[in-house]
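A look at the structure
The residues making up each chain are set out below.
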Amino acid sequence: MSNIPEMFGSMVFNDTVMKERLPKDTYKALRKTREQGKPLDSQVANVVANTMKDWAVEKGATHFTHWFQPMTGITAEKHDSFIYPVENGKVIMEFSGKELIKGEPDASSFPSGGLRATFEARGYTAWDPTSNAFIKDGSLCIPTAFCSYGGEALDKKTPLLRSMDAIDKQAMRILKLFGNTEAHRVITTVGPEQEYFLIDKAMYEKRKDLIYTGRTLFGAKPPKGQELEDHYFGVIKPRVSAYMKELDEELWKLGIFAKTKHNEVAPSQHELAPIFTTSNVASDQNQLTMEIMKKVATKHGLTCLLHEKPFAGINGSGKHNNWSVSTDTGVNLLEPGDSPRENAQFLLFLSAIIKAVDEHQDLLRISVASAGNDHRLGANEAPPAIVSMFIGDELSSVLKSIEDGSSYKQQDKVSMTIGSDVLPAFPKDSTDRNRTSPFAFTGNKFEFRMLGSTVSIACANIMLNTIIADALCTFADELEKADDFNAKLAEVIKNTIKDHSRIIFNGNNYSDEWVKEAEKRGLLNLRSTADALPYYISDANIALFEKYSVLTKTEVYSRYEIQLENYCKQIHIEALTMVDMVKKDIIPAACSYMKDISKEAINKKQLCADISCELEESLLKKLSNLSADLYKKTLVLEDSVVPEKEFKDVLEQAKFYRNTVFVQMEETRVVADEIESLVGEKYWPYPTYGDLLFSV
Ligand code: ADP
Ligand code: MG
């Protein structure tokens, strides 16, 4: 392998390249834009664009594209070549500042949730200079925000950037109160751990369900699943290892800090974790990571499955969003410091997070809501749909001592006085880890564990940044008015703990007792996407998003509609796929097996009239009954989705898909899986779970 430090970021127009290639003044102006969000004038933009183009052409690029993240959840790109006609039928390679800064893709085919009337189909993309341009497949990709012509956000990046501004502003108010004069900006940081499955591509291609829906809709339980727990952190097989090696290299070239790789719990399941970075860059890079994961897999004859639940009965895939907040001077604000003042500040930030998570359980749940993720949450492999937080025993006893004056250190029997005591050291080792909590403190960051593996992390981070900004704002309002800062600080922290401690749960989130306990505590348990989404458009939530200019009322409504529409469409496609598979493949397979069994029985009888055909008869009876039942259930399912029904609104539709279609699908599947367990292997039209899970 070539020199890694040299290879790292070689396809990225990053700070080093800018410094090296841009005239000093241009570099300075661009840096100001990148760091402080100052607008870039067109003169500077022209120079930057030209330099970018020269650099990209040297690296073999022929095209450029504005690279953005519409509400489909995946990235979009439209490529234009750099060619520009000159005399004598010749061309030169051109790229202007205008082209760099703004694009005008036709927006009419992207989901807008009613935001954009079709006659006003234009949208525009605007460069996000805080995320580096990069080269992918011979195109210079420019990370951009995507808006309607009226300026409404049609993407995931715009509100994420807005939410980062909101928390910056509010956190800076707090830092000022603590006398911090060094920090100019507060940034949120994220390190997303990404889970995925790798299966043999040839097997994948034989499964319509995987091709159309990303998950298996049928499949009898294999003799071996994940029972032996022999896969987690196990030795990586050579084919997977070769894949991971190439994946790392491709990611490194794009400046993505791919760091950790290992096998996960389920057979064929793996994980990749990068080193954390700023939220918006982490979000861009996670989108790229997912794309490259799929692409590299194909080269190795593999298929990378990113669905949250590709296989029933074994663990699905999620994404852990490690989140923290730090100053531009590099101080992690969730790191308990070693002076009383730092600790008081840490406790205030912690209180803000406790308040935010408790008050906005609904928004955190919504941020991870999708048809795919509904399969995981609460299925004993991921946190339940109940949002709570883990802070560990040590920190819990500190909070308790603040709340009621009791002792926080068993040996010393002292109580905690804000602003004059130093916090004890919190153990960061894995013994203190609670792997079942949806939102766990892990020493100097929070790990939000409810995200599905396919989703963009932008949504979760928009919510986290906004709700925490709101809590910080409430605190800053109170503290700025106070005559005695320390007294007020102690009061704010104490009251917050008193009012919101119900959200803290350090026990086993997978247990049934917790579900009951959470209900007693009055915590929300929004089991499905259809249950969660209505909270999006509550007056309180709209007011919250508008207060911090993260989303307007219209934008909230549009997102609400898009998310529900996606949910319905996904289940709709799954239902149609099931109907197709049963009619075209599964019933014919069962019939063909039954035909051979009957022939066999008839042959036997012809040869010898008194021979027993008990086996054939019993199998035939069973299969015949099951097949009839399957066919009946399939027709009921088909009737629910074909032709598409009219609904009062998209929420009613989502509820129908959840409560009727989804339930019918589960019932249909049970029968088909039983048939699979009876039919001879050579008759079965698809690779089995065993084939798929142990294919690599
Ligand atoms: P573990 O899961 O064992 O805690 P790490 O501590 O290495 O593993 O962290 C897991 C993820 O959290 C990594 O992606 C890491 O970069 C990220 N992370 C670490 N510190 C921070 C931070 N301050 N902000 C955001 N993410 C972080
Ligand atoms: Mg983790």
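These figures come from a predicted structure and were not determined experimentally.

Structural notes on the overall build of the chain
Counting secondary structure elements, the chain contains 23 helices and 17 strands. Computed over the C-alpha atoms, the radius of gyration of the chain is 28 Å, within 12% of the 26 Å expected from 2.2 N^0.38 for a compact globule of 696 residues. Oriented by its inertia axes, the alpha-carbon framework of the chain measures out at about 100 × 85 × 55 Å. The buried share of the chain, reckoned over its 696 residues, is 45%.

Focus: the site of ligand 1
Close to ligand 1 lie 15 residues; T189, G191, F276, N322 and S324 are nearest. Of all elements in the fold, only β10 (186-200), β12 (269-274) and β15 (318-327) reach the threshold of two or more residues within the shell around ligand 1. With 4 residues, β10 is the largest single contributor of residues to the shell around ligand 1. Residues belonging to the shell around ligand 1 are distributed by class as follows: 6 nonpolar, 7 polar and 2 charged.

Description of the environment of R173
Positionally, R173 belongs in helix α6 (residues 157-177). The sequence separation of R173 and D477 amounts to 304 residues, and the corresponding C-alpha distance is 9.1 Å.

Looking at the nonpolar core
Side chains of a nonpolar character, in soluble globular proteins, are inclined to be buried together. Of all hydrophobic cores here, the largest spans 175 residues; its most connected members are I468 and L472. When residues of this core are assigned to their parent elements, the largest contribution, 16 residues, is made by helix α20 (residues 553-607).

Quick notes on the domain arrangement of the chain
Under the domain assignment used here, the chain contains domain 1 (4-155), domain 2 (163-551) and domain 3 (566-693). The centre of domain 1, based on its C-alpha atoms, is set 50 Å off from the matching centre of domain 3.

A few points about the packing of helix α9 (residues 238-253) against helix α10 (residues 279-299)
The interhelical angle for the contact between α9 and α10, taken along N-to-C directions, is 135 degrees, at an axis separation of 10 Å. Between α9 and α10, the crossing angle belongs to the class labelled oblique. Read as a crossing pair, α9 and α10 show a hand that is right-handed. Listed contacts from α10 to Y243, E246, L247, E250 and L251 of α9 are T289, I292, M293, V296 and A297. A breakdown of the residues in the contact of α9 with α10 according to their chemical character gives 7 nonpolar, 1 polar and 2 charged.

With respect to helix α16 (residues 485-500)
Taking 1.5 Å per residue as the helical rise, α16 with its 16 residues ought to reach 22 Å, and the 22 Å between its terminal C-alpha atoms agrees with that figure. Taken together, the buried residues of α16 touch α11 (340-359), α14 (393-404) and α15 (458-481).

Quick notes on helix α22 (residues 650-678)
In this model, α22 (29 residues) spans 41 Å end to end at C-alpha, consistent with the 42 Å of a helix rising 1.5 Å per residue. The sharpest bend along α22 reaches about 35 degrees and sits at Y657. Against α18 (529-532), α20 and α21 (614-641) lie the buried residues of α22.

Regarding the pairing of strand β7 (residues 123-127)
Alternating residues of β7 divide into G123, T125 and W127, all buried, and Y124 and A126, none buried. Here 2 bridges tie strand β6 (residues 102-103) to β7, and the two strands are oriented antiparallel to one another. Of the residues in β7, the one forming a bridge with G103 is T125. Strand direction decides the pairing type here: β7 and strand β9 (residues 139-148), joined by 5 bridges, are antiparallel. Bridge pairing in β9 places T125 opposite F146.

The rules behind each value
Residues numbered from 1 in each chain as written. Chains lettered and ligands numbered in written order. Predicted model: local features only at pLDDT ≥ 70, side-chain atom pairs only at ≥ 80, totals over all residues. Helix = DSSP H or I, 4+ residues; strand = E, 2+ residues; numbered from the N terminus. Rg over C-alpha atoms; globule rule 2.2 N^0.38 Å. Buried ≥ 20, exposed ≤ 12 C-beta atoms within 10 Å, placed from the backbone. Near = placed C-beta within 6 Å. Nonpolar A, V, L, I, M, F, W, Y, C, P; charged D, E, K, R; others polar. Core = buried A, V, L, I, M, F, W, Y, C linked by C-beta atoms within 7 Å. Domains from an automatic or database assignment. Axes fitted to C-alpha atoms, helices over the stretch in contact; angles between N-to-C directions. Parallel < 35°, antiparallel > 145°, perpendicular 65-115°, else oblique. Left-handed = near helix turned anticlockwise from the far one by under 90°. Contact = placed C-beta atoms within 7 Å. Expected span 1.5 Å × (residues − 1). Bend = angle between axes of the 7 residues up to and from the residue. Pairing = 2+ DSSP bridges.

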